[in-house]
Structures are given as structure tokens and as C-alpha cells.
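Here are the chains, one letter per residue:
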Amino acid sequence: MDVDDETRSELTAAVRRFVEREVLPVASELEHADAYPGALVEQMKAMGLFGITVPVEHGGLGLDLLAYVGVIEELAAGWMSLTGIVNTHTIAVGLLAAHGTEAQRAEWLPRLATGEVRGCLSLSEPDAGSDTRALTCRAERDGDEYVITGTKTWVTNGERAGLVALAARTPEGISCFMVAKDPGPSSGGITVSRNIGKLGYKGLETVEMRYEAHRVPSTAVLGGEAGLGRGLPFILGALEVGRINIAARAVGVARAAFEAAIRYAQQRETFGKPIARHQAIQQKLADMGTKLEAARLLTRHAAELRQRGERADVEAGMAKLFASETAFELATESMRIHGGVGYTTDLPIERYYRDAPLMLIGEGTNEIQRMVIARGLLRRHALDG
Ligand SMILES: Cc1cc2nc3c(=O)[nH]c(=O)nc-3n(C[C@H](O)[C@H](O)[C@H](O)COP(=O)(O)OP(=O)(O)OC[C@H]3O[C@@H](n4cnc5c(N)ncnc54)[C@H](O)[C@@H]3O)c2cc1C
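Predicted model, so just to flag it, every value in this text is computed and none were measured.

Peer 1: I tried to follow the site of the ligand on my own but got confused; where do I start?
Peer 2: Close to the ligand lie 22 residues, the nearest being Gly129, Ser130, Trp154, Thr365 and Glu367. Those elements that provide at least two residues to the shell around the ligand are β1 (119–122), β3 (145–156), α9 (349–361) and α10 (366–380). Examining the composition of the shell around the ligand, we find that three residues originate from one element, β3, more than from any other. Shared between two domains, the shell around the ligand holds at least three residues of each, these being domain 2 (119–229) and domain 3 (233–380).

Written out as C-alpha cells, the structure reads:
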């Protein structure tokens, strides 16, 4: 085991202990109440989980994507919402680390690393989800400032965030602005106009945000003047990490559903024997275990490629597609194996069942993933001439 492997395993083990001791005892209660897990978030800050991928010189743990993926799987196996609190934050970190000017990195990364400032990503709009090029939020130059006007939606962590990575139209095309704000329902010209109710993924806010002539300094353009018009490729590149994150989350939820099923199948008896000894249940467990393993391997492979700086659009898409479909299927199969109790609020199976579908939709729907994968494969296997 090299040093990196050892550091990753130590971090994963520490997060697993945190989940067992602190998350599992409270997750269902908080989730059913749709309550923000403030105490858990403070512990996650103390563990450095908001700065896993932030370089050490900026105060982070300086670890790689593989370490991040390991942490996300553990958190999601406990309560998927905790990964949502870290994910768009980590995308904002990735945007700054890859494309920020030195001044932008120095200004934001140390405070993002500790979680003192929480980051979020604001790409989607009411009429621009899959079709990102349809976005209409605009930023107009006025001297040393930009004036931002528009409505953004589906902003996860939007209210509590102190920094928004925002996609807005400028004359050069779509640009990414790093917008500072005060956490809370309003800040300058920004208003949280709606808190969106959700099937699952509870405890953290997903909001609509209105920008009414909100002013930011011109230095807020990610990458400075050179970044003008390059926001969409910046964000779509960062979303590759987002997709690997969704895949890791899905692996975590799938694992929790599988482990609950394989435990229960050995305890519950029908017709004089544990249900695990009925062949129909064994067939289910075999398929579930195989898909879980395949999902994890696809996810780690995509993380390794991306970490090495290789193109990973196809692999990240494949991991996200397969792992999310697996989580959705395993949550349902686990519920079937649990019979009636799987449908009650006494067990977390119903939560996995409500959380899993988000992974089919978030960070690009699975229909869009298939388009990305097919395009990438056709490019790689193009016939000459
Ligand atoms: C809980 C939650 C949290 C989110 N958090 C964030 C966030 O923090 N930041 C952010 O920017 N966004 C966020 N999103 C937005 C998310 O990325 C979008 O919902 C997603 O990209 C889909 O966009 P849409 O909802 O507008 O669906 P649409 O684009 O309207 O799609 C509707 C349906 O049509 C299909 N479709 C669309 N185009 C095609 C096509 N060309 N070919 C075939 N099928 C197609 C889709 O797959 C889908 O089935 C979040 C969403 C949810 C539900």
C-alpha cells in the first residue's frame, strides 16, 4: 500500500466511524422532519470534508478524486443528503482550482476548505435544465462592475452558501461568476424566492433564486477577463466530477440497500427457513451484489482517469448512468426482500427508495448521459473518411 492508498483508507475509515456513531442514529429522524443537520455539518467541517480536494497550500487536505469518491460512498451509505451538502461546494472548489486567477484562489479556497464559506453551483434555470445553452440570466458590464439579472432554480445549498458559481450571459457568451453573498434568504439584489419541496434528499435546501440588478465586481468573472465567454466549458468540465460524485453517492445508497437486504434475508424466516435459503431471494441477492460491485468499479475507474488528467466524459457518464440505475433498482429490490416492513418508516429502506431517483436526474439526466456516452464512443471509434 503506498502513502496515498494509506491516507485514503484512513480517511474512509474515519468517515465510516463518523457515519456509524453520529449519522445513523439520527438520520431517519432528521430526514423525516426535513431538518438541516447542523451538528453533523460542523463535525464534517472539523474532519476537513469541505476541503478534501483543496490543495494543502490553500488549507485543504490536498487529496485526490479517489479519496473524495471513497468519502462520498461512506456518507451516502449513512444519509445521502450529507453528500449533497459537500457536492456543489466541491464543484465550486474545482472551478476555482482549475480556472480561478491567483487572487480568486487565494481569496476563496482557504475559507471554502474549512467550510467557513459554503459554495454552491447555479447553472439551471426554469427554462434551461438539460438545455443549458437556453439560459437567459444576464450580466451587464457597468464600469468596474457587472449587474446580474435573472432567475435561477434548483440551487442546492443556495441559501446557506456564501459563494455561488453562477452561469450568466455576457456579450462574449456564457461566463461563470463567483458571486459572494451573505448566507440567508436575501443578500444585495439576490433573493431566495422559493424553497422547493422534494420527494427525498431532505434536510438541505434546494431553492429558486432571483437576481434583481445584483452588482458584483468585474473581478468576480472566473478566470478574469480571459474567462469571459468560457463559463459553459468550465462548468461542464467541472460537472464531470459532479457525475463521478453522483455515481459514488449511488454506490453508497445501493450498498446500504444491499447490506440491509442480505442481513434481513438471513434473519427472516418463512416456510420454516430463512428467506435467504429460498432460491428466488438468492437470485436477487446475486444480481444485487454483482451490480453493486460493477457500479463501484466503474466509479473508481472514472475517478482514476479524471485524476490522471485523461478525458473521462464517457467513463464519468457510464459510471453515473450505471450506478444510479443500480441504486434505483437495489432500493426497490431491498424493499421487496423486506416485505411489508420495507414499506414502513421504521426502517431506512423507504428513504433509499425516495433518495435513489434523484441520481437518475441530477447532474444531467440519464437520457442526457446516454447521449454523452454515445457521442464519445462514436468519436473514439469514428471510421476514417
Ligand atoms: C433535487 C435537485 C437538485 C438539483 N441541484 C442543482 C444545483 O445545485 N445546481 C444546478 O444548476 N442544477 C441543479 N439541479 C438541476 C438538474 O441538473 C436538472 O433538473 C437536470 O439537468 C434536468 O433538467 P430539467 O429538470 O430542466 O429537465 P428537462 O431538461 O426539462 O428534461 C425533461 C425530460 O426530457 C428529457 N430530455 C431533455 N432533453 C432531451 C434530449 N435532447 N433527448 C432526450 N431526452 C431529453 C430529460 O432526460 C428528462 O427526462 C437539481 C435538480 C434536482 C431535482
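Peer 1: Before we go on, may I ask you to explain the nonpolar core in this structure?
Peer 2: The tendency in soluble globular proteins is for nonpolar side chains to be buried as a group. Phe177, Val253 and Ala257 are the most contacted members of the largest nonpolar core, which totals 118 residues. When residues of this core are assigned to their parent elements, the largest contribution, 20 residues, is made by helix α6 (residues 231–267). Excluding anything up to four places from it in sequence, Phe177 contacts Ala139, Tyr146, Leu166, Ala168, Val216, Ala220, Val221 and Leu222.

Peer 1: What is the right way to look at the packing of α6 against helix α8 (residues 313–338) in this model?
Peer 2: Two measures define how a pair of helices packs: the angle their axes make with one another and the distance between the axes. One can describe the packing of α6 onto α8 by two numbers: an axis separation of 8 Å at closest approach and a directional angle of 25 degrees. In terms of axis orientation, α6 runs roughly parallel to α8. At the point where α6 passes α8, the crossing takes the left-handed sense.

Peer 1: Just to check I follow, could you spell out the pairing of strand β2 (residues 138–142) for this structure?
Peer 2: Each regular strand shows side chains that alternate between the opposite faces of the sheet. Pairing geometry for β2 and β3, over five bridges, is antiparallel. In the strand pairing of β3, Arg141 is matched with Tyr146. From the end of β2 to the start of β3, which pair antiparallel, there are two residues, and Gly143 there has a positive phi angle of about 65 degrees.

Peer 1: In this structure, what is going on with α6? I would like to understand it.
Peer 2: Because each turn of an α-helix spans 3.6 residues, side chains separated by three or four positions end up pointing in the same direction. When the terminal C-alpha atoms of α6 are compared, their 54 Å separation across 37 residues agrees well with the 54 Å that a helix rising 1.5 Å per residue should span. Within α6, 28 of the 37 residues are buried, which leaves it mostly tucked inside the rest of the structure.

Peer 1: Can you help me understand the domain arrangement of the protein in this one?
Peer 2: Often, the extent of an interface is quoted as the loss of accessible area upon association of its parts. Each assigned domain of the protein is listed here: domain 1 (3–114), domain 2 (119–229) and domain 3 (233–380). Between the C-alpha centres of domain 1 and domain 2 the distance comes to 23 Å. Listed per partner, the contact involves 23 residues of domain 1 and 17 residues of domain 2. Sorting the residues of the side of domain 1 that touches domain 2 by element identifies α1 (3–33), α4 (80–99) and α5 (102–114) as the ones contributing at least two each. No other element matches the 12 residues that α4 contributes to the side of domain 1 that touches domain 2. The residue inventory of the side of domain 1 that touches domain 2, partitioned by class, reads 13 nonpolar, eight polar and two charged.

Peer 1: Could you clarify how one ought to interpret unusual backbone geometry in this entry?
Peer 2: Trans is the prevailing form of peptide bonds, just as negative phi is the prevailing case for residues other than glycine. The phi torsion at Trp154 lies on the positive side, around 60 degrees, for a residue other than glycine. Structurally, Trp154 can be placed in strand β3. At Tyr201, a position not held by glycine, the phi torsion is positive, near 50 degrees. Among the secondary structure elements, Tyr201 is positioned in the loop between β7 (190–195) and β8 (206–217).

Here is what the cut-offs are and how they apply
- Residues numbered from 1 in each chain as written.
- Predicted model: local features only at pLDDT ≥ 70, side-chain atom pairs only at ≥ 80, totals over all residues.
- Near = placed C-beta within 6 Å.
- Helix = DSSP H or I, 4+ residues; strand = E, 2+ residues; numbered from the N terminus.
- Domains from an automatic or database assignment.
- Core = buried A, V, L, I, M, F, W, Y, C linked by C-beta atoms within 7 Å.
- Buried ≥ 20, exposed ≤ 12 C-beta atoms within 10 Å, placed from the backbone.
- Contact = placed C-beta atoms within 7 Å.
- Axes fitted to C-alpha atoms, helices over the stretch in contact; angles between N-to-C directions.
- Parallel < 35°, antiparallel > 145°, perpendicular 65-115°, else oblique.
- Left-handed = near helix turned anticlockwise from the far one by under 90°.
- Pairing = 2+ DSSP bridges.
- Expected span 1.5 Å × (residues − 1).
- Nonpolar A, V, L, I, M, F, W, Y, C, P; charged D, E, K, R; others polar.

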